[in-house]
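Structural features, examined
Residues per chain, in single letters:
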Amino acid sequence: MGTSFAQKSEKEDPKLGPNPVYFLDNAEVMPDTLSLPSLGNIINVFVYYNHDAIKRAGAKAKDGVVYIETMAYVRNRFVKLFRNYSSAYDKLYAQSGSDSSFQYILNGKALKKYDEGDLDIKNKHMLQNIEVITADQLRTRYNITDKQAGVIITTQKAKPGHKKQ
């Protein structure tokens, strides 16, 4: 059984055992050396118990496993996914050196103030299309004038009850 931060199960969640395994940005860390980033930088926390924990991290996770992901880690993951998925995005990113001048549009909605969780697409099969548009097209279609380019991302709609991870 697994639990994701900010989710509630209809059943009471089991507790972690005395020696859970911890991962910070996909790197295993020892609990006594775990230095948590500020809460504002944490975007995902996943907790797994019982056979789910063992399946993910091996026998050492018999007391559970906790995965903590920071904003920077998630941003790097989706940028890598987008660059591998779309040659137009890859070219734009390579020219710009970052995505700070991009306007992301996810499933028709311009993400004015977003966090990395909005674009945390872990599975390339969820992507349907990535379209890069010019500043002029961005202004005409979305009335956005302060960005160099637009990145229109279309994903499959998650099925009811679908979990991100």
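Procedures and definitions
Residues numbered from 1 in each chain as written. Predicted model: local features only at pLDDT ≥ 70, side-chain atom pairs only at ≥ 80, totals over all residues. Heavy atoms only, no water. Buried < 20%, exposed > 50% of the residue type's maximum accessible area, 1.4 Å probe, protein only. Helix = DSSP H or I, 4+ residues; strand = E, 2+ residues; numbered from the N terminus. Arc of directions from axis to C-beta. Salt bridge = Lys/Arg side-chain N within 4 Å of Asp/Glu carboxyl O. Contact = heavy atoms within 4.5 Å. Core = buried A, V, L, I, M, F, W, Y, C linked by side-chain atoms within 4.5 Å.

Here we look at helix α3 (residues 87–96)
For α3, every residue scored as buried is listed here: Tyr89, Leu92 and Tyr93. The arc that holds every buried residue of α3, seen down its axis, measures 100°, which confines them to one face. Along α3, exposed side chains directed more than 90 degrees from the buried face belong to Ser87, Lys91, Ala94 and Gln95.

Examining the pattern of salt bridges
Pairing is possible between side chains of opposite charge, provided their charged atoms come close. Counted by the stated rule, this structure contains eight salt bridges. The closest approach of N and O atoms between Lys60 and Glu28, which form a salt bridge, is 2.7 Å. Separated by 32 residues along the polypeptide, Lys60 in the loop between α1 (50–57) and β5 (65–70) and Glu28 in strand β3 (residues 27–29) bring together distant segments of the chain. With a relative accessible area of 38%, Glu28 lands in the partly exposed category. The salt bridge involving Asp136 is made with Arg139; its shortest N-O contact spans 3.0 Å. Of the two residues, Asp136 and Arg139 both sit in helix α4 (residues 135–142), three residues apart, roughly one turn of that helix. When its relative accessible area of 41% is taken as the criterion, Arg139 is described as partly exposed.

Here's the deal with the environment of Val79
Within the secondary structure layout, Val79 lies in helix α2 (residues 71–85). Taking the C-alpha atoms as reference, Val79 lies 9.2 Å from Leu119; in sequence the two are 40 residues apart. Beyond its immediate sequence surroundings of up to four residues, Val79 is in contact with Tyr89, Tyr93 and Asp99.

Considering the nonpolar core
Ranked by internal contacts, the top residues of the largest apolar core, which has 21 residues, are Phe82, Tyr89, Tyr104, Leu119, Val151 and Ile153. Top contributing element to this core by residue count: α2, with five residues. Once residues lying within four places of it in the same chain are set aside, the contact partners of Phe82 are Tyr89, Tyr104, Leu119, Ile121, Leu127, Ile130 and Ile153. Residues Val21, Tyr48, Ala53 and Tyr67 belong to the second largest nonpolar core, which totals nine residues.

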